[in-house]
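# An overview of the molecular structure
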Amino acid sequence: MSELVNCILDALPEILVKIMKIDKELVKSLIESGKLRVAPTPDPRLGDYGVSLHFLLKGIERDKWVELGNELSRELYAATRDKCWVERVDFVNGYLNFTLNYFNMLGKLVDLLVKGEVSKELMNVGRGIKVIVEHTSANPVHPLHIGSGRNSVIGDTYARLLRKLGFSVETRFYVNDLGRQVAILAYGVKIVESKSISRPEGIKPDHWYGVIYALTNILIELSRLREEIKGKLSELVDLCEKTCNNILSEEATGNIPRDIAFTICGISLKRNLKLETLKQAKSLYIKLKQLKKMSSNSEVSTLLSVLEDLRTRVKEYYEYVKAERALSANFPEVYNALRTEVRNHLEAEKEISKLMSQAEKEDPETLQFFRRICEDVLNGFKQTLESIGINFNAFDFESSSEVLSEAHNVVSDLLKTNYAKVIEGGAVEVDLNAASRDHDYIRNLFHPDQAGRFVVRRRDGTTLYITRDIAYTLYKFRKLGAEKVYNVIAVEQSREQRQLKAVLYILGYLKEAENLHHFSYEMVHLKGMRMSGRRGVYYTIDEMLIDNKLSILKKLMEKEKTQNIEELIQVADKIAIANTRAVLISVDPGKVLVFDPEKAGEIEYGVIVEYAFVRAQGIIRNLWGLEFLDNSTEVCNKILELAKSIRETELSVEEKKIVESLAMFNSVLSKSYIEMKPNKILEYAVNLALDFNRFYEKYPIISERDESKRNIRVLITVLTMLALSELMDIMGFPKLRRM
RNA sequence: GGGCCCGUAGCCUAGCCAGGAUAGGGCGCCGGCCUUCGGAGCCGGAGGACCCGGGUUCAAAUCCCGGCGGGCCCGCCA
């Protein structure tokens, strides 16, 4: 209700100056600095909006407040009555409280929501400016999980919001098909296909390739860890031998207690009994850690650091073993095929590196192979995303010649600047520390951190992820003609995204740097589970949808309605989409989202909105026999007709609340856009729905005998329905007729 | 070692940038309400050191400083 707030603020200075004898400029600066502000009251009985005057009343005796306050109220009422929908002004405890005339506000809402002025106003924000929203962009090596889901839903919702605001929006998915991860998958697929094992019916390609990727990765990691553990163990034994000798030769054990000395010497003596050593290492670790708390010497520290290395690796090893066991049980044939081939991590790495460099050198056969796999996985992605109402305008491949060749141009352009040079070995490095000394823009990007350096070309002449990302960004701006770009990418990449901006700046693309926005969001954590694509442990969007659908179906069945089962499933389907999308935008993007699959059924933001929308439709259906979703124009015409004949009536608290909430409609949307917080839209919709539920529960609508009351209630119902409908469009909720 | 983000009832979350009155919702829990527009609802209730400690202010969940706890980033990985 910023209009209203401003309206009151406009009237305020003159009256304060007149009555309190304060300097006009002072009042103006107080308003500008936000010291003097109009805010909603905590209780509607006090009024609707209030201004705190305490800091102005500071020097004035308390018993004179009332007199002064009443005078202020009178004057303010006279000044705001006609313009700002103000009905009365009261002075309470140092606050000036304004009570509004909601009936008049209703008229304004009809113009906004029914006559569509709100959308005209909103369309003015974007004015057709071309915006590219890049989102999801998950590595095509395993199915989309809840983390990618958060990305997708945030990205899609934001894109929908931008469209509503009049931007010309294009959504794009950047396919990272040149990375190590895809190479690992390709390596695995090659083996699996060579044994002519193919995807069983009924398994989606993304899930299938996810298994191959994880198992290949697990086998490689296990081999690597085995070797590293072996190395660390012999390092430990050597160290123990040395320490043991020192202890013996010094005759005294120094700082080292006798039992620890025993263990150390024991490890050195049993050097060939590895299994034993691992057990002893563990107990030595615990003992030394305690010892270090009390006293420490260099010998203890070195031993501890080796032991700590060993410990992390052993822990990691067991996590992989656990993952291996789970996957091999479900996919024995894939597992067996891979196990016979992936024996040594070094060999595997060699194969993988070969695949990577072949791809990067645009070897047609390799590229084609990569493409085939990625396209398969992407088909799985598309199916998943479509099921929650998400589509893309385009998929851009990292391996495309546009990106690859542009990446090399980027390197040579950078070399022409003062901030990039060929370093030892032949790699090319960009020095942003130097750049930030010359350019405030770059320093401020990283401040208070150091800007740092990074490599854009390896010594073998190939480019890196960031190099290609720079190229892709330029492609978005220059070839695709974007004026603004939003990259919906996890926070972990915020450094990379700043480097991207910095490089654009260095290359002279100042406007582009300014118009590149990192839409950052935090990670998703699963309760009681650590997700890892590399270990094949994840909670997929597909699963999430099914879980939600099942819990909804269960509830529907309990109701024992006479609807047929097919209809029930259709309803459950749609609600599951709304619920799933809702959970994923429910939390501020800057905060970690913790999700508990066990409680998936308890999350009902989607249902709440759907329910209110369905109820409102039901009321209109009963009243006029009109189906809103089929015939919204006729509903609008009817309501315009009705609005004309409406007579002024006092509104109830519940009605006022809805009216006020509806009046916030466009300010919520623009706030959500500016702050990049789609969660605000959901919050708004849910609160509106809850307010509406309370309203129709308490007051009869169709059966109300008093015509003017009935008309207002019908009007509020339609207005709410229109607002919810818009909000559901933005959030991508399917629109139900009945449930 | 350096940098960024987060910390609000049993759980989740809004408010923090622009300080203001009784910290707003939801889940779960307890107790009520089905002959009136569809009960996936409504009404009532219990449950809070707004992480801790200082500071600024008439006024601090909000601003500043210092801690603590959690997450993330600092690769010739992506």
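Residues numbered from 1 in each chain as written. Chains lettered and ligands numbered in written order. Predicted model: local features only at pLDDT ≥ 70, side-chain atom pairs only at ≥ 80, totals over all residues. Heavy atoms only, no water.

### Brief notes about the overall build of chain A
For clarity, the cut-off: A run of H or I in DSSP becomes a helix once it reaches four residues, and a run of E becomes a strand once it reaches two; helices and strands are each numbered from the N terminus. Note on classification: 1.4 Å probe, protein chains only; a residue is buried when its accessible area is under 20% of the maximum for its type, exposed when over 50%, partly exposed between these limits. Contacts are residue-level and defined by heavy atoms, with any inter-residue pair within 4.5 Å sufficient. Charged-residue counts in this description rest on Lys and Arg as positive and Asp and Glu as negative, His and the chain ends being excluded. Lys charges are placed at NZ, Arg charges at CZ, Asp charges at CG and Glu charges at CD.
Scanning chain A from N- to C-terminus turns up 29 helices and 14 strands. For chain A, the C-alpha atoms occupy an extent of roughly 100 × 70 × 60 Å along the three principal directions. Across the 739 residues in chain A, those meeting the buried criterion constitute 53%. Taking contacts inside chain A between residues at least 6 apart in sequence as the whole, the part at least 24 apart equals 75%. Here chain A contributes 106 positive and 105 negative side-chain charges, whose respective centroids are spaced 2 Å apart.

### Things to note about the domain arrangement of chain A
It is common to report an interface's size as the accessible area lost on association of the parts. How we decide: Throughout, the edges of the domains are those of an automatic or database domain assignment.
Assigned domains within chain A: domain 1 (3–100), domain 2 (205–348) and domain 3 (541–589 + 599–731). For domain 1 and domain 3, the distance between their C-alpha centres works out to 36 Å.

### Thoughts on the nonpolar core
Basically, it comes down to this: For this analysis, a nonpolar core means a set of buried residues of the types Ala, Val, Leu, Ile, Met, Phe, Trp, Tyr and Cys, connected via side-chain atoms within 4.5 Å.
Core analysis: the biggest nonpolar cluster contains 222 residues, and Leu16, Leu53, Phe595 and Leu727 have the highest contact counts within it. The leading source of residues in this core is helix α9 (residues 205–249), at 20 residues. When residues no more than four places from it in sequence are discounted, the contact partners of leucine 16 are Lys21, Ile22, Val27, Leu36, Leu53, Leu56 and Leu72. Core analysis: the next-biggest nonpolar cluster, separate from the first, contains 40 residues, Ala407, Leu432, Phe454 and Leu480 among them.

### A word on the state of the cysteines
Here is the rule: Only a pair of cysteine sulfur atoms within 2.5 Å counts as a disulfide in this structure description.
All chains considered together, the criterion is met by 1 disulfide. Through a disulfide, cysteine 244 is tied to cysteine 265; the S-S separation comes to 2.0 Å. Here cysteine 244 and cysteine 265 share a disulfide; its torsion about the S-S bond, 105°, makes the bridge right-handed. Linking cysteine 244 in helix α9 with cysteine 265 in helix α10 (residues 258–269), this pair joins segments that are 21 residues apart in sequence. Across the pair, cysteine 265 and cysteine 244 agree in class, each one buried.

### A closer look at the packing of helix α16 (residues 401–415) against helix α19 (residues 465–479)
The cut-off we apply is this: Orientation is described by lines fitted to C-alpha atoms, with helices fitted over the stretch in contact, and by angles between N-to-C directions that extend from 0 to 180 degrees. Reported orientations rely on four angle classes, namely roughly parallel under 35 degrees, roughly antiparallel over 145, roughly perpendicular from 65 to 115, and oblique for the rest. Any residue outside Ala, Val, Leu, Ile, Met, Phe, Trp, Tyr, Cys, Pro, Asp, Glu, Lys and Arg is labelled polar, Gly included; the first ten of those are nonpolar and the last four are charged.
The contact between α16 and α19 brings their axes to 8 Å, and the two run at 105°. Our classification of the angle between α16 and α19 gives roughly perpendicular. Contact residues: Glu402, Val403, Leu404, Glu406, Ala407, Val410 and Val411 in α16; Thr467, Arg468, Ile470, Ala471, Tyr472, Leu474, Tyr475 and Arg478 in α19. Looking at side-chain class alone, the contact of α16 with α19 contains 10 nonpolar, 1 polar and 4 charged residues.

### Details of a positive patch on the surface
How we decide: The patches described consist of residues with a relative accessible area above 30% and no salt bridge, like charges being joined within 9 Å and nonpolar side chains (Val, Leu, Ile, Met, Phe, Trp, Tyr) within 5 Å. For the area figures, the Shrake-Rupley method with a 1.4 Å probe applies, and any residue is considered shielded solely by the protein chains shown. Basic side-chain nitrogens of Lys or Arg form a salt bridge, by our definition, when they fall within 4 Å of a carboxyl oxygen of Asp or Glu.
On the surface, Lys282, Lys289, Arg311 and Lys315 cluster together into a positively charged patch. By secondary structure assignment, the location of lysine 289 is in helix α11 (residues 274–294).

### Remarks on the pairing of strand β9 (residues 428–431)
Spelled out, the test is: Only strands that DSSP links by at least two bridges are regarded as paired with each other.
A two-sided burial pattern is seen for β9, the buried positions comprising Val428 and Val430 on one face and Glu429 and Asp431 on the other. Two successive antiparallel strands, strand β8 (residues 420–422) and β9, enclose a turn made up of 5 residues, where glycine 425 displays a positive phi of approximately 95°. Pairing analysis gives 4 bridges linking β9 to strand β10 (residues 453–457), with the strands arranged antiparallel. By the bridge assignment, valine 430 is partnered in β10 with phenylalanine 454.

### Quick look at helix α26 (residues 653–663)
Taken across its 11 residues, α26 has 8 buried, putting it largely inside the fold. Taken together, the buried positions of α26 are occupied by Glu654, Glu655, Ile658, Val659, Glu660, Ser661, Leu662 and Ala663. Packed against the buried residues of α26 are β2 (49–52), α5 (102–114), α27 (665–674), α28 (679–698) and α29 (707–731).

### With respect to the side chain of glutamate 654
Where we set the bar: Any pair of nitrogen or oxygen atoms within 3.5 Å is treated as a polar contact; in protein, a donor-acceptor pairing is required on top of that, and neighbouring residues in sequence qualify only through side-chain atoms on both sides.
Position of glutamate 654 relative to the elements: it lies in helix α26. Glutamate 654 sits in the buried class, given a relative accessible area of 18%. Of note is the side chain of glutamate 654, whose polar atom sits 2.8 Å from the side chain of tyrosine 699. Leave out the neighbours within four places in its chain, and glutamate 654 touches Phe695, Lys698 and Tyr699.

### Things to note about the packing of aromatic side chains
What counts, and what does not: Planes of paired rings set the category: under 30 degrees apart is stacked, over 60 is edge-to-face and the rest tilted, where pairs are Phe, Tyr or Trp rings (Trp by its six-membered ring) whose centres lie within 6.5 Å. When the NZ atom of lysine or the CZ atom of arginine is within 6 Å of a ring's centre and also within 35 degrees of its normal, the charge is said to sit over that ring.
Following the criterion strictly, the structure yields 19 aromatic pairs and no others. A centroid spacing of 5.6 Å and a plane angle of 50° characterise the contact between phenylalanine 167 and tyrosine 673, whose relative ring orientation is tilted. A residue pair is termed long-range when its members are at least 10 positions apart, and phenylalanine 167 in the loop between α7 (146–164) and β6 (168–175) and tyrosine 673 in helix α27 qualify at 506 residues. For tyrosine 673, a relative accessible area of 12% corresponds to the buried category. Aromatic pair phenylalanine 692 and phenylalanine 695: ring centres 5.8 Å apart, planes at 45°, arrangement tilted. Of this pair, phenylalanine 692 and phenylalanine 695 both sit in helix α28, separated by 3 residues, roughly a single helical turn. Accessibility assignment for this pair places phenylalanine 692 and phenylalanine 695 in one class, buried. Counting every residue linked through ring pairs, the aromatic cluster contains Tyr158, Phe167, Tyr486, Phe519 and Tyr673. Seen from the ring of phenylalanine 395, lysine 382 lies directly overhead, with NZ or CZ sitting 4.7 Å from the centre.

### Describing the side chain of asparagine 97
On the secondary structure map, asparagine 97 appears in strand β4 (residues 95–100). Aside from chain neighbours lying at most four places away, what touches asparagine 97 is Thr41, Leu46, Tyr49, Gly50, Val51, Arg88, Val89, Asp90 and Val92.

### Comments concerning the environment of phenylalanine 613
Position of phenylalanine 613 relative to the elements: it lies in helix α24 (residues 605–624). Each C-alpha atom, one on phenylalanine 613 and one on valine 718, is 9.9 Å from the other, the two residues being 105 residues apart in sequence. Excluding residues within four positions of it along the chain, phenylalanine 613 makes contact with Phe628, Leu629, Met721, Leu724, Ser725, Met728, Lys735 and Leu736.

### Overview of unusual backbone geometry
For the bond running from histidine 447 to proline 448, omega is 5°, close enough to zero to count as cis. Relative to the helices and strands, proline 448 is located in the loop between α18 (440–446) and β10. Of note, the phi angle at threonine 136 is positive, near 65°, even though the residue is not glycine. Structurally, threonine 136 can be placed in the loop between β5 (130–134) and α7. Judged by relative accessible area, which is 6%, threonine 136 ranks as buried.

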